[in-house]
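Each chain is listed here by its residues.
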Amino acid sequence: MSSRIHIIVRGAVQGVGFRPFIYRIASELTLNGYVFNSPEGVFIEAEGNETLLRTFLSKIEKEKPSLAFISSLEFSFLDLVGYKNFEIKESNTNGNTNTLILPDIAVCSDCLRELFDQNDRRYLYPFINCTHCGPRFSIVEKLPYDRQNTSMKKFELCSECKKEFHNPSDRRFHAQPIACPACGPNLELWNNSGEVIAVNHEALLETCDKIEKGFIIALKGLGGFQLIVDANNSDSVKRLRNKKKRDEKPFALMFPNLSVAKEICNLSHEEERSLLSPEAPIVLLKRKPKRQTQNISEFVALSNPMLGIMLPYTPLHHLLMKKFSMPIVATSGNLSEEPICIDEYEALSRLKSIADFYLTHNRPIVRHVDDSIVRIINCRQMILRRARGYAPLPIQIQDKLARKSQKTILAVGGHLKNTIALKIGKNVFISQHIGDLSTEESNKAFKKTIADFKNLYKAEPECVIADLHPHYISTRFAKTLDANIEMVQHHFAHIAACRLENQIEGEVLGVSWDGTGYGLDKSVWGGEFFVSTDETFKHIGQFKKFLLPGSETAIKEPKRTAVSLLYEVFKDSLADHLPQHLKDNFTAGELNILNEMLKKKINSPNTSSAGRIFDGVSSLLGICHKSNYEGQAAMMLEFAACENVFECYPFNLYDENIFVVDWSPMIKSILEEIQSGVLPSTISSKFHNTLAQMILSIAVKVGISKIVLSGGCFQNAFLTERTIKLLNQNNFKVYWHQRIPPNDGGISVGQIAVYLLSQKETNKNETISPTIEQSTLYSNNKEKK
């Protein structure tokens, strides 16, 4: 299959023969497209067979010129535009390098070699870095990115470091965070009372000893604290779970090297590439059978066939992992649902009930930056949490869309997995992952990040965009700002974000499936279909609605949703159709109350949520009756599915002003198969297949060739890959997320995209908002103070 790849390469890639190198390998592979330099990096587009494009990408990384260094390589697969040859275009001098802050970058091979070279003056120094690697976004206080504007300003360079810093032929020429043992930051190991018990390399050795003895270590890393324990010590892992108040959600693991990761997990080429990339994210990998993963405690990832794995990405991590032959748990340094700690004294207070010891240092962290998370879906990388290694790199807006508005725009995102985004010119700068805005600490981090972005980019937004939900903390905060406020429907934003990153023009069918989003009718949406053009959104379909008994409680207890789905099908004969395992999870009194709530619609809002249907089916199969973390029931249902089942269940499709997908026949069939003893794995597979078939049925009815998949449900690889395959077989072109998360981490970008799509360009290059009938925006403007 032919495709177009769009690549942005940043780092030491200009003036080193990089463009001729790109031209040569593109010509060897008979690819068409272009390469050019700009102040924001080297931009490449190439068209050809997708297998050749992957070879092209691999050659860029492995065969680059000897003087080149890639600090960031972002790529997306896009539609063909029809290039006739490959050319080196004239350099683009538009843009401003001062507005571009690089993410924090994994330690480079040259620094690693020096780190373990006994003859090097930075031997075993945990803060070694150069122009090719090290801290960036986590230490910069303001632009331009000079040492005096970073948290390294208090460390005066020694004479040796000064020579390197001012030598144009040195790898550390103008490396702003440069340091050495004589003039840079140093390590300290503290006890739980904040007393220093070891320093420098002794602190590291003592830390390793304490990890082996089962203690919990709070380690100050690149963008915040991590909590570390021995991954093979079940008592330590259980103790960390209890103290962190994280009952079942999987912990991330840090492996000493790729070889050990391959012993325990199955790795594709794309997964291996992600692990070894400069971004060094956590990669979700399928673990091998248990007999091959016996060195990892079962409590690391309970009832989960996947492991979240990363490799060491800082010198400190490499020094630590040199002492271990097997993985350690490396989870975020926080209580559940709070942002990670970035200051040692803050950590001593907030993590006192968790950590036994603190491995800390005196290089200040300016802002929290979590580890990023990616998953490979349909052979492409999908970012699930965009943070270290990616933030705050911008998404570029196409020229046609950018011309619609020159305004500086702030988007405040949603409530869960919150990020904010700032549009300046043609760039949309996306913040690091902030998290769920349900705690006071998260709320503070959200407001701090907005102030931080405005300060960093010297920007005062002319327009602020928020979610339509009136009770979201982000929406309420937006309404306090002195700016024009626009509200955007949640699922519009999901589709628009996917449109933006895939550079789609024209009419598309948007499928937006997630857990919760405030609908235009003020009900809870989540299983929605839209027709989206270059200017408007039209809601054209959704799942048949059902009730959520107990509202938020039903989200945490999928068994309630299971009862609701059955009630919708069987009404007064509900009691006769409850599977025994479901009955066993309620008392008789609870079932009676639930039945009354559903009959009288007491605290039982209507919803069309696909995410809740996943929950309900998961409970019906006896897989998950209670969710201990967001998405648990749906994830367990996905993991139960097997690859060799392709049948579907029946469903109905009605045209009632909008299309209504009636899932009732599917639920009846599932219940019959449960009673007949059909395996949950078979039922789960058929359930996923049916959802894909539902999308195809709407696509055929609507007759639009381009299909956009967005929303948290499409983090599910089984669903997404089955849907893509089915739609492709029926001659539809499918688009899904790559660089922007499909979950609510992409909402802020989507809010800006909806705003731009809704604007109309005038002859005077000014913009006007569409009429109310067309509008995707809901104004809440106030007079300027």
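Residues numbered from 1 in each chain as written. Predicted model: local features only at pLDDT ≥ 70, side-chain atom pairs only at ≥ 80, totals over all residues. Heavy atoms only, no water.

Draft legend 1. Region of the structure containing the overall build of the chain. On a plain count of helices and strands, the chain comes out with 24 helices and 35 strands. Here the C-alpha atoms of the chain give a radius of gyration of 26 Å, agreeing with the 28 Å that 2.2 N^0.38 yields for 785 residues. In terms of principal-axis extent, the alpha carbons of the chain reach across some 85 × 70 × 60 Å. The proportion of buried residues among the 785 residues of the chain is 61%. Taking all contacts inside the chain whose residues are at least 6 apart in sequence as the whole, residues at least 24 apart take part in 72%. Roughly 29,700 Å² of accessible area belongs to the chain as shown, and the carbon and sulfur atoms make up 48% of that amount. Measuring between centres, the 93 positive side-chain charges of the chain sit 1 Å from its 88 negative side-chain charges. (Helix = DSSP H or I, 4+ residues; strand = E, 2+ residues; numbered from the N terminus. Rg over C-alpha atoms; globule rule 2.2 N^0.38 Å. Buried < 20%, exposed > 50% of the residue type's maximum accessible area, 1.4 Å probe, protein only. Contact = heavy atoms within 4.5 Å. Areas by Shrake-Rupley, 256 points an atom, 1.4 Å probe, with all protein chains shown as cover. Lys, Arg positive; Asp, Glu negative; His and termini not counted. Charge placed at Lys NZ, Arg CZ, Asp CG, Glu CD.)

Draft legend 2. Fine view of the pattern of salt bridges. Summed over all chains, the structure comprises 43 salt bridges. Arg 113 is the salt-bridge partner of Asp 110, the closest N and O atoms lying 3.7 Å from each other. Of this pair, Asp 110 and Arg 113 both sit in helix 3 (residues 109–115), three residues apart, which is roughly one turn of that helix. What makes Asp 110 partly exposed here is its relative accessible area of 28%. Arg 171 is the partner of Glu 114 in a salt bridge, and the nearest nitrogen-oxygen pair spans 3.1 Å. (Salt bridge = Lys/Arg side-chain N within 4 Å of Asp/Glu carboxyl O.)

Draft legend 3. A look at the environment of Gly 11. With respect to the helices and strands, the residue Gly 11 is situated in strand 1 (residues 2–12). The sequence separation of Gly 11 and Glu 40 amounts to 29 residues, and the corresponding C-alpha distance is 9.6 Å. Among all residues touching Gly 11, those that are not within four sequence positions of it are Phe 69 and Ser 71.

Draft legend 4. A look at the environment of Ala 198. Within the secondary structure layout, Ala 198 lies in strand 7 (residues 196–199). The class for Ala 198 is buried, based on a relative accessible area of 13%. When the C-alpha atoms of Ala 198 and Pro 39 are compared, they prove to be 45 Å apart, with 159 residues separating the residues in sequence. Not counting residues within four places of it along the chain, the set of residues in contact with Ala 198 comprises Glu 188, Leu 189, Ala 203 and Glu 206.

Draft legend 5. Focus on the side chain of Ser 38. Structurally, Ser 38 is set in strand 2 (residues 32–38). Excluding residues that lie within four positions of it along the chain, Ser 38 makes contacts with Gln 14, Phe 43 and Asn 92.

Draft legend 6. Up close: helix 1 (residues 18–28). Among all positions of helix 1, only Phe 18, Phe 21, Ile 22, Ile 25 and Ala 26 are buried. Angular distribution of buried residues about the axis of helix 1 spans 130°; they occupy a single face of the element. With its phi angle positive at about 55°, Thr 30 sits one or two positions after the end of helix 1. (Arc of directions from axis to C-beta.)

Draft legend 7. The pairing of strand 6 (residues 187–191), seen in detail. For strand 6, the tally of buried residues reaches four of five residues, placing the bulk of the element in the interior. Relative to strand 15 (residues 357–361), strand 6 runs antiparallel, the two being bridged by five bridges. Among the inter-strand pairings, Glu 188 is bridged to a residue of strand 15, identified as Thr 360. Relative to strand 7, strand 6 is paired through three bridges, and the arrangement is antiparallel. Among the inter-strand pairings, Glu 188 is bridged to a residue of strand 7, identified as Val 199. In this structure, the hairpin formed by strand 6 and strand 7 is closed by a connection of four residues, where Gly 194 is found at a positive phi of approximately 90°. (Pairing = 2+ DSSP bridges.)

Draft legend 8. Here's a closer look at the packing of helix 2 (residues 50–62) against helix 8 (residues 269–276). It is at 13 Å that the axes of helix 2 and helix 8 come closest, and there the two elements cross at 30°. The angle between helix 2 and helix 8 places the two elements in the roughly parallel class. When the axes of helix 2 and helix 8 are compared, the crossing they make is left-handed. Residues Arg 54, Leu 57, Ser 58, Glu 61 and Lys 62 of helix 2 pack against His 269, Glu 270 and Arg 273 of helix 8. Taken together, the residues of the contact of helix 2 with helix 8 sort by class into one nonpolar, two polar and five charged. (Axes fitted to C-alpha atoms, helices over the stretch in contact; angles between N-to-C directions. Parallel < 35°, antiparallel > 145°, perpendicular 65-115°, else oblique. Left-handed = near helix turned anticlockwise from the far one by under 90°. Nonpolar A, V, L, I, M, F, W, Y, C, P; charged D, E, K, R; others polar.)

Draft legend 9. Focus on the nonpolar core. Among the nonpolar cores identified, the biggest contains 111 residues, and Trp 513 and Trp 663 are the most heavily contacted of them. In terms of residue count, the dominant contributor to this core is helix 22 (residues 680–702) (nine residues). If near-sequence neighbours (up to four positions away) are discounted, Trp 663 is found in contact with Phe 543, Lys 544, Lys 545, Phe 546, Leu 565, Glu 568, Val 569, Ile 613 and Met 694. Membership of the second largest hydrophobic core comes to 38 residues, among which are Val 283, Val 300, Leu 348 and Ile 354. (Core = buried A, V, L, I, M, F, W, Y, C linked by side-chain atoms within 4.5 Å.)

Draft legend 10. Spatial organisation of helix 23 (residues 717–729). Over its 13 residues, helix 23 runs 18 Å from end to end, which matches the ideal 18 Å to within 8%, given 1.5 Å per residue. Where helix 23 begins, the capping side chain belongs to Asn 716, and its oxygen is found 3.0 Å from the backbone nitrogen of Phe 718. The positive-phi residue at the C-terminal boundary of helix 23 is Asn 731, with phi of around 70°. (Expected span 1.5 Å × (residues − 1). Polar contact = N/O pair within 3.5 Å; in protein donor to acceptor, adjacent residues only side chain to side chain.)

Draft legend 11. Spatial organisation of the state of the cysteines. Throughout the structure, instances matching the rule amount to zero disulfides. Cysteine Cys 498 remains unbridged, with the sulfur of Cys 713 as its closest cysteine sulfur at 14 Å. Residue class for Cys 498 comes out buried when judged on its relative accessible area of 0%. (Disulfide = S-S within 2.5 Å.)

Draft legend 12. The arrangement of the packing of aromatic side chains in detail. This structure, assessed with the given rule, holds 20 aromatic pairs. Relative to Phe 77, the ring of Phe 75 lies with its centre 6.1 Å away and its plane at 90°, an arrangement referred to as edge-to-face. Ring geometry for Phe 429 against Tyr 457: centres 4.4 Å apart, planes inclined by 25°, an arrangement best described as stacked. Residue Phe 429 is located in strand 21 (residues 427–430), and its partner Tyr 457 is located in the loop between helix 12 (440–456) and strand 22 (463–467); the two are separated by 28 residues in the primary sequence. Members of the aromatic cluster, each reached through a chain of ring pairs, are Tyr 34, Phe 36, Phe 43 and Tyr 83. Just above the ring of Phe 357 sits the side chain of Lys 210; from NZ or CZ to the centre is 4.3 Å. Seen from the ring of Phe 116, Lys 322 lies directly overhead, with NZ or CZ sitting 4.7 Å from the centre. (Phe/Tyr/Trp six-rings, centres within 6.5 Å; stacked < 30°, edge-to-face > 60°. Lys NZ or Arg CZ within 6 Å of the ring centre and 35° of its normal.)

Draft legend 13. Local environment of unusual backbone geometry. Omega for the bond connecting Leu 143 with Pro 144 falls within 30 degrees of zero, at 0°, which places this linkage in the cis form. Along the chain, the position of Pro 144 falls in the loop between helix 3 and helix 4 (159–166). Following Ala 391, the chain continues into Pro 392 via a peptide bond in cis, with omega recorded as 5°. In this fold, Pro 392 is placed in the loop between strand 17 (380–385) and strand 18 (394–396). Backbone geometry places Lys 417, a non-glycine residue, at a positive phi of 50°. Within the fold, Lys 417 resides in the loop between strand 19 (409–411) and strand 20 (421–424). You will see that Lys 522, though not glycine, has its phi angle at about 70°, which is positive. Following the sequence through the fold, Lys 522 ends up in the loop between strand 24 (508–518) and strand 25 (524–532). Relative accessible area serves as the criterion here: at 65%, Lys 522 is assigned to the exposed category.

Draft legend 14. Inspection of the sheet that holds strand 3 (residues 41–49) at higher detail. Sheet architecture is open: five strands sit in the order 4-1-3-2-5, paired in mixed fashion. In this open sheet, the two edge strands, each paired with only one partner strand, are strand 4 (69–78) and strand 5 (86–88). Mean inter-strand twist for the sheet, computed between neighbouring axes without regard to direction, equals 15°. Judged from the seven bridges that link them, strand 2 and strand 3 form a sheet pairing that is antiparallel. By the bridge assignment, Gly 33 is partnered in strand 3 with Ala 46.

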